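If you want the building blocks of each chain, they are given just below.
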Amino acid sequence: MKRSDRRKRRRFLARALGLAGVGALAGCEKLSQTTWFPAVLGKADVLSEGAAKLVRRKALAQEFSPEERSPTFRSNGTADPGTDDYQALVADGFAGYRLVVDGLVESPRQWTLAELRAMPSRSQITRHDCVEGWSAIAQWQGARLSAVLAAVRPKPEARYVVFHCADPMESDGTDLYYESIDFDDAYHEQTILAYELNGQPLPVKNGAPLRLRVERQLGYKHAKYVMRLELVSSFAGIGGGNGGYWEDQGYQWYAGI
Ligand SMILES: Nc1nc2c(c(=O)[nH]1)N[C@H]1C(S)=C(S)[C@@H](COP(=O)(O)O)O[C@H]1N2
Ligand SMILES: [Mo]
(Lines give C-alpha, C1' and ligand atoms only; values in the text may rest on other atoms or scores of the structure.)
(Ligands and ions follow the chains in the order given, each with its own letter.)
Protein backbone atom coordinates (compact mmCIF):
# COMPACT_ATOMS: atom_id res chain seq x y z
CA MET A 1 0.00 0.00 0.00
CA LYS A 2 1.32 3.46 -0.94
CA ARG A 3 1.82 5.88 1.90
CA SER A 4 -0.92 8.26 0.62
CA ASP A 5 -3.37 5.35 0.38
CA ARG A 6 -2.51 4.33 3.87
CA ARG A 7 -3.23 7.85 5.10
CA LYS A 8 -6.62 7.84 3.35
CA ARG A 9 -7.39 4.47 4.84
CA ARG A 10 -6.48 5.72 8.28
CA ARG A 11 -8.83 8.70 7.90
CA PHE A 12 -11.59 6.38 6.71
CA LEU A 13 -11.05 4.10 9.64
CA ALA A 14 -11.09 6.96 12.13
CA ARG A 15 -14.41 8.15 10.73
CA ALA A 16 -15.87 4.65 10.66
CA LEU A 17 -14.86 4.04 14.26
CA GLY A 18 -16.33 7.33 15.36
CA LEU A 19 -19.63 6.64 13.67
CA ALA A 20 -20.20 2.96 14.01
CA GLY A 21 -17.70 1.47 16.41
CA VAL A 22 -15.60 -1.59 15.77
CA GLY A 23 -18.27 -3.29 13.63
CA ALA A 24 -17.25 -0.97 10.80
CA LEU A 25 -13.95 -2.86 10.53
CA ALA A 26 -15.59 -6.08 9.43
CA GLY A 27 -15.43 -5.24 5.71
CA CYS A 28 -11.80 -4.07 5.67
CA GLU A 29 -9.33 -6.57 4.35
CA LYS A 30 -5.70 -7.10 5.27
CA LEU A 31 -5.93 -4.49 7.98
CA SER A 32 -3.92 -6.61 10.36
CA GLN A 33 -0.92 -6.42 7.96
CA THR A 34 -0.53 -2.73 8.61
CA THR A 35 1.43 -1.53 11.57
CA TRP A 36 -1.11 1.03 12.72
CA PHE A 37 -4.09 -1.33 12.80
CA PRO A 38 -3.41 -3.07 16.11
CA ALA A 39 -3.05 0.29 17.88
CA VAL A 40 -6.40 1.54 16.54
CA LEU A 41 -8.11 -1.74 17.34
CA GLY A 42 -6.76 -1.52 20.86
CA LYS A 43 -8.47 1.84 21.30
CA ALA A 44 -11.70 0.52 19.78
CA ASP A 45 -11.65 -2.29 22.33
CA VAL A 46 -11.39 0.23 25.14
CA LEU A 47 -14.35 2.15 23.70
CA SER A 48 -16.60 -0.88 23.31
CA GLU A 49 -15.53 -2.16 26.72
CA GLY A 50 -16.73 1.16 28.17
CA ALA A 51 -20.05 0.86 26.34
CA ALA A 52 -20.50 -2.73 27.53
CA LYS A 53 -19.85 -1.63 31.11
CA LEU A 54 -22.57 1.02 30.82
CA VAL A 55 -25.05 -1.58 29.58
CA ARG A 56 -24.08 -3.93 32.41
CA ARG A 57 -24.60 -1.18 35.03
CA LYS A 58 -28.17 -0.60 33.75
CA ALA A 59 -29.09 -4.31 33.59
CA LEU A 60 -31.70 -5.49 36.05
CA ALA A 61 -30.95 -7.91 38.89
CA GLN A 62 -32.93 -11.15 38.65
CA GLU A 63 -36.46 -10.98 40.06
CA PHE A 64 -38.39 -13.91 41.52
CA SER A 65 -41.98 -15.04 42.00
CA PRO A 66 -43.80 -14.75 45.37
CA GLU A 67 -43.51 -18.54 45.90
CA GLU A 68 -39.73 -18.34 45.67
CA ARG A 69 -39.45 -16.07 48.70
CA SER A 70 -37.46 -17.39 51.65
CA PRO A 71 -39.60 -18.43 54.65
CA THR A 72 -37.86 -15.79 56.79
CA PHE A 73 -35.54 -12.88 56.12
CA ARG A 74 -32.84 -12.80 58.77
CA SER A 75 -31.18 -9.74 60.25
CA ASN A 76 -27.48 -9.07 59.92
CA GLY A 77 -25.22 -6.43 61.42
CA THR A 78 -27.19 -4.03 63.60
CA ALA A 79 -30.58 -5.46 64.67
CA ASP A 80 -31.55 -2.36 66.71
CA PRO A 81 -29.66 0.95 66.75
CA GLY A 82 -30.55 1.26 70.46
CA THR A 83 -29.92 5.00 70.81
CA ASP A 84 -32.29 7.31 72.72
CA ASP A 85 -33.13 9.17 69.50
CA TYR A 86 -34.00 5.95 67.70
CA GLN A 87 -36.07 4.63 70.65
CA ALA A 88 -38.08 7.86 70.55
CA LEU A 89 -38.81 7.35 66.83
CA VAL A 90 -39.93 3.75 67.41
CA ALA A 91 -42.12 4.83 70.35
CA ASP A 92 -44.32 7.07 68.17
CA GLY A 93 -44.41 4.67 65.21
CA PHE A 94 -41.90 6.82 63.25
CA ALA A 95 -44.36 9.74 63.08
CA GLY A 96 -41.42 12.00 64.01
CA TYR A 97 -39.09 10.51 61.41
CA ARG A 98 -37.72 12.81 58.70
CA LEU A 99 -35.49 11.80 55.81
CA VAL A 100 -33.11 14.71 55.27
CA VAL A 101 -31.67 15.15 51.77
CA ASP A 102 -28.93 17.75 51.42
CA GLY A 103 -25.35 18.36 50.29
CA LEU A 104 -24.69 19.28 46.64
CA VAL A 105 -28.34 19.92 45.71
CA GLU A 106 -30.25 23.01 44.53
CA SER A 107 -33.18 22.49 46.94
CA PRO A 108 -32.47 20.48 50.10
CA ARG A 109 -35.58 19.13 51.79
CA GLN A 110 -37.03 16.63 54.24
CA TRP A 111 -39.64 13.90 53.84
CA THR A 112 -41.94 12.28 56.40
CA LEU A 113 -42.59 8.56 55.99
CA ALA A 114 -46.10 9.34 54.72
CA GLU A 115 -44.64 11.68 52.09
CA LEU A 116 -42.14 9.02 51.01
CA ARG A 117 -44.99 6.52 50.68
CA ALA A 118 -46.69 8.95 48.29
CA MET A 119 -43.61 9.13 46.02
CA PRO A 120 -43.32 7.06 42.80
CA SER A 121 -42.56 3.55 44.06
CA ARG A 122 -41.41 0.13 42.96
CA SER A 123 -41.97 -3.37 44.31
CA GLN A 124 -39.50 -6.18 43.56
CA ILE A 125 -38.68 -9.72 44.69
CA THR A 126 -34.92 -10.10 44.73
CA ARG A 127 -32.13 -12.12 46.31
CA HIS A 128 -29.95 -10.52 48.96
CA ASP A 129 -26.37 -11.84 49.03
CA CYS A 130 -24.22 -11.21 52.10
CA VAL A 131 -20.44 -11.60 51.96
CA GLU A 132 -20.69 -13.70 55.10
CA GLY A 133 -22.14 -16.48 52.97
CA TRP A 134 -25.91 -16.36 53.21
CA SER A 135 -28.64 -15.33 50.75
CA ALA A 136 -32.38 -14.78 51.07
CA ILE A 137 -35.17 -13.87 48.65
CA ALA A 138 -37.74 -11.27 49.69
CA GLN A 139 -40.13 -8.66 48.36
CA TRP A 140 -39.21 -5.02 48.86
CA GLN A 141 -41.32 -1.95 48.25
CA GLY A 142 -40.09 1.60 48.41
CA ALA A 143 -39.73 5.04 46.91
CA ARG A 144 -37.60 5.25 43.81
CA LEU A 145 -34.35 6.99 44.68
CA SER A 146 -34.44 8.62 41.22
CA ALA A 147 -37.68 10.42 42.18
CA VAL A 148 -36.26 11.64 45.49
CA LEU A 149 -33.14 12.95 43.73
CA ALA A 150 -35.17 14.66 41.00
CA ALA A 151 -37.03 16.58 43.72
CA VAL A 152 -33.84 18.05 45.23
CA ARG A 153 -32.12 18.76 41.89
CA PRO A 154 -28.49 17.58 42.24
CA LYS A 155 -25.81 20.15 41.38
CA PRO A 156 -23.58 19.27 38.40
CA GLU A 157 -20.60 18.54 40.67
CA ALA A 158 -22.50 15.90 42.71
CA ARG A 159 -21.10 12.41 42.01
CA TYR A 160 -22.20 10.18 44.90
CA VAL A 161 -25.12 9.70 47.25
CA VAL A 162 -24.01 9.06 50.85
CA PHE A 163 -26.46 7.25 53.18
CA HIS A 164 -26.10 8.27 56.83
CA CYS A 165 -27.60 5.70 59.21
CA ALA A 166 -28.92 5.80 62.81
CA ASP A 167 -26.83 2.92 64.21
CA PRO A 168 -23.50 3.51 65.98
CA MET A 169 -20.87 0.84 65.32
CA GLU A 170 -18.98 1.62 68.57
CA SER A 171 -20.44 0.94 72.01
CA ASP A 172 -19.80 4.57 73.02
CA GLY A 173 -22.35 5.65 70.41
CA THR A 174 -19.87 6.89 67.77
CA ASP A 175 -18.98 5.70 64.25
CA LEU A 176 -22.42 5.69 62.64
CA TYR A 177 -22.88 3.17 59.80
CA TYR A 178 -22.80 4.82 56.39
CA GLU A 179 -22.64 3.82 52.75
CA SER A 180 -22.48 5.42 49.31
CA ILE A 181 -23.33 4.73 45.67
CA ASP A 182 -22.67 6.56 42.41
CA PHE A 183 -25.32 8.03 40.10
CA ASP A 184 -25.42 4.95 37.83
CA ASP A 185 -26.76 2.99 40.79
CA ALA A 186 -28.75 5.88 42.27
CA TYR A 187 -30.81 6.16 39.06
CA HIS A 188 -30.99 2.39 38.46
CA GLU A 189 -34.55 1.11 37.94
CA GLN A 190 -34.39 -1.19 41.00
CA THR A 191 -32.75 1.24 43.43
CA ILE A 192 -35.33 2.10 46.08
CA LEU A 193 -35.64 3.45 49.60
CA ALA A 194 -37.61 0.51 50.99
CA TYR A 195 -40.28 0.93 53.68
CA GLU A 196 -41.88 -2.51 53.27
CA LEU A 197 -40.56 -6.08 53.47
CA ASN A 198 -42.85 -8.86 52.21
CA GLY A 199 -45.85 -6.53 52.29
CA GLN A 200 -45.35 -5.39 55.92
CA PRO A 201 -43.80 -2.19 57.30
CA LEU A 202 -40.02 -2.72 57.51
CA PRO A 203 -39.21 -4.39 60.88
CA VAL A 204 -36.65 -2.77 63.20
CA LYS A 205 -34.24 -5.70 62.69
CA ASN A 206 -34.21 -5.03 58.92
CA GLY A 207 -33.68 -1.26 59.06
CA ALA A 208 -36.95 0.49 59.99
CA PRO A 209 -38.26 2.82 58.89
CA LEU A 210 -36.20 3.09 55.68
CA ARG A 211 -33.37 1.12 54.07
CA LEU A 212 -31.63 1.18 50.73
CA ARG A 213 -32.08 -1.59 48.17
CA VAL A 214 -29.34 -1.47 45.51
CA GLU A 215 -29.93 -4.85 43.94
CA ARG A 216 -26.81 -5.19 41.77
CA GLN A 217 -24.54 -5.07 44.83
CA LEU A 218 -23.74 -7.13 47.93
CA GLY A 219 -25.56 -6.90 51.26
CA TYR A 220 -23.34 -4.43 53.07
CA LYS A 221 -24.17 -1.71 50.49
CA HIS A 222 -27.88 -1.90 51.47
CA ALA A 223 -27.81 0.73 54.24
CA LYS A 224 -30.46 0.22 56.97
CA TYR A 225 -31.90 2.91 59.34
CA VAL A 226 -31.31 5.62 56.70
CA MET A 227 -31.66 9.10 58.22
CA ARG A 228 -29.98 11.37 55.73
CA LEU A 229 -28.83 11.39 52.12
CA GLU A 230 -25.91 13.66 51.41
CA LEU A 231 -24.85 14.39 47.84
CA VAL A 232 -21.09 14.81 47.54
CA SER A 233 -18.35 15.09 44.93
CA SER A 234 -15.86 12.99 46.95
CA PHE A 235 -15.67 10.90 50.14
CA ALA A 236 -12.93 13.00 51.73
CA GLY A 237 -13.99 14.04 55.22
CA ILE A 238 -16.73 11.41 55.54
CA GLY A 239 -15.92 8.61 57.99
CA GLY A 240 -12.55 7.10 57.07
CA GLY A 241 -12.80 8.54 53.54
CA ASN A 242 -13.52 5.29 51.65
CA GLY A 243 -17.25 5.72 51.06
CA GLY A 244 -18.64 3.33 53.68
CA TYR A 245 -18.27 1.77 57.11
CA TRP A 246 -17.10 -1.59 55.73
CA GLU A 247 -15.05 0.08 53.00
CA ASP A 248 -13.14 1.84 55.80
CA GLN A 249 -12.32 -1.68 57.11
CA GLY A 250 -11.00 -2.72 53.67
CA TYR A 251 -14.06 -3.96 51.77
CA GLN A 252 -14.50 -3.03 48.09
CA TRP A 253 -16.46 0.17 47.45
CA TYR A 254 -18.11 -1.31 44.34
CA ALA A 255 -19.49 -4.67 45.44
CA GLY A 256 -21.09 -5.87 42.18
CA ILE A 257 -22.81 -9.26 42.16
N1 LIG B 1 -27.17 0.69 59.08
C2 LIG B 1 -26.74 -0.56 58.79
N3 LIG B 1 -26.94 -1.03 57.54
C4 LIG B 1 -26.54 -2.29 57.22
C5 LIG B 1 -25.82 -3.09 58.15
C6 LIG B 1 -25.61 -2.55 59.45
O7 LIG B 1 -25.01 -3.19 60.34
N8 LIG B 1 -26.08 -1.28 59.73
N9 LIG B 1 -25.37 -4.33 57.76
C10 LIG B 1 -25.26 -4.61 56.32
C11 LIG B 1 -25.09 -6.00 55.97
S12 LIG B 1 -23.53 -6.67 56.10
C13 LIG B 1 -26.11 -6.75 55.44
S14 LIG B 1 -25.86 -8.32 54.87
C15 LIG B 1 -27.48 -6.22 55.39
C16 LIG B 1 -28.39 -7.09 56.24
O17 LIG B 1 -29.72 -6.69 56.09
P18 LIG B 1 -30.81 -7.39 56.99
O19 LIG B 1 -30.48 -7.11 58.43
O20 LIG B 1 -32.13 -6.85 56.58
O21 LIG B 1 -30.69 -8.89 56.74
O22 LIG B 1 -27.59 -4.89 55.86
C23 LIG B 1 -26.48 -4.07 55.57
N24 LIG B 1 -26.80 -2.71 55.98
MO1 LIG C 1 -23.61 -8.58 54.87
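Up top you'll find the structure we're talking about.
Read on for an overview of the structure. Small disclaimer: the values here were computed from a predicted structure and weren't measured.

Parameters at a glance
Residues numbered from 1 in each chain as written. Chains lettered and ligands numbered in written order. Predicted model: local features only at pLDDT ≥ 70, side-chain atom pairs only at ≥ 80, totals over all residues. Heavy atoms only, no water. Phe/Tyr/Trp six-rings, centres within 6.5 Å; stacked < 30°, edge-to-face > 60°. Helix = DSSP H or I, 4+ residues; strand = E, 2+ residues; numbered from the N terminus. Lys NZ or Arg CZ within 6 Å of the ring centre and 35° of its normal. Pairing = 2+ DSSP bridges. Axes fitted to C-alpha atoms, helices over the stretch in contact; angles between N-to-C directions. Contact = heavy atoms within 4.5 Å. Core = buried A, V, L, I, M, F, W, Y, C linked by side-chain atoms within 4.5 Å. Buried < 20%, exposed > 50% of the residue type's maximum accessible area, 1.4 Å probe, protein only. Polar contact = N/O pair within 3.5 Å; in protein donor to acceptor, adjacent residues only side chain to side chain. Salt bridge = Lys/Arg side-chain N within 4 Å of Asp/Glu carboxyl O. Near = heavy atom within 4 Å. Areas by Shrake-Rupley, 256 points an atom, 1.4 Å probe, with all protein chains shown as cover.

Let us look at the packing of aromatic side chains. This model, assessed by the stated rule, comprises 12 aromatic pairs. With a centroid separation of 4.9 Å and an interplanar angle of 85°, the aromatic rings of Tyr220 and Tyr251 are classed as edge-to-face. Of the two residues, Tyr220 is situated in the loop between strand S9 (211-213) and strand S10 (226-232) and Tyr251 in the segment after S10; the sequence distance between them amounts to 31 residues. Looking at Arg109, its charged tip hangs above the ring of Trp111, at a distance of 4.0 Å from the centre.

The subject of this paragraph is the sheet that holds strand S6 (residues 176-182). With respect to topology, five strands assemble into an open sheet ordered S2-S1-S10-S5-S6, the strand pairing being mixed. The open sheet is flanked by strand S2 (109-111) and S6, the only strands paired with a single partner. Looking at each pair of strands side by side, their axes are set apart by 20° on average, direction ignored. Bridge count for strand S5 (residues 160-168) against S6 is six bridges, and the pairing is antiparallel. Bridge pairing in S6 places Tyr160 opposite Asp182. Lying over the sheet, helix H5 (residues 145-152) contacts strand S1 (99-103), S2, S5, S6 and S10, oriented at roughly 145° with respect to S2.

Here we come to the nonpolar core. Membership of the largest hydrophobic core comes to 47 residues, with the highest contact counts inside it found for Leu99, Leu145, Val148, Phe163 and Leu229. Looking at this core, the element that brings in the most residues is S5, giving six residues. Here Leu99 is in contact with Arg109, Gln110, Trp111, Leu116, Leu193, Leu210, Val226, Met227, Arg228 and Leu229, once residues within four sequence places are set aside. Core analysis: the second largest hydrophobic core is formed by 10 residues, Phe73, Ala136, Leu197 and Leu202 among them.

Before going further, it helps to examine the side chain of Glu196. Summarising the element assignment, Glu196 is placed in strand S7 (residues 192-197). Looking at Glu196, the relative accessible area reads 16%, which means it is buried. Engagement of the side chain of Glu196 in a polar contact is seen with the side chain of Arg117, the distance being 3.1 Å. Residues in contact with Glu196, not counting those within four places in the same chain, are Arg117, Gln139, Trp140, Gln141, Pro201 and Leu202.

Now for the pattern of salt bridges. As enumerated under the stated definition, the model contains 14 salt bridges in all. Residue Glu63 is joined to Arg122 by a salt bridge in which the shortest nitrogen-to-oxygen separation is 2.9 Å. Here Arg122 lies in strand S3 (residues 121-130) and Glu63 lies in the loop between helix H2 (37-58) and helix H3 (84-91), a separation of 59 residues in the sequence.

Neighbouring ligand 1 are 21 residues, the closest being Arg74, Asn76, Asp167, Asn206 and Lys224. The contact in question runs from an oxygen atom of ligand 1 to an N or O atom on the backbone of Asn76, over 2.8 Å. Note that an oxygen atom of ligand 1 is positioned 2.9 Å from one of the backbone N or O atoms of Thr78. Here ligand 1 loses 99% of its free accessible area of 540 Å² to cover by the protein chains. Among the elements of the structure, S3 and S5 are those that each provide at least two residues to the shell around ligand 1.

For the bond from Ala208 to Pro209, the omega torsion is 0°, close enough to zero to count as cis. Relative to the helices and strands, Pro209 is located in the loop between strand S8 (200-201) and S9. Backbone geometry at Phe94 places phi at a positive 65°, although glycine is not the residue there. Structurally, Phe94 can be placed in the loop between H3 and S1. Positioned with a positive phi, Tyr225 is a non-glycine residue whose angle comes to about 50°. For Tyr225, a relative accessible area of 1% corresponds to the buried category.

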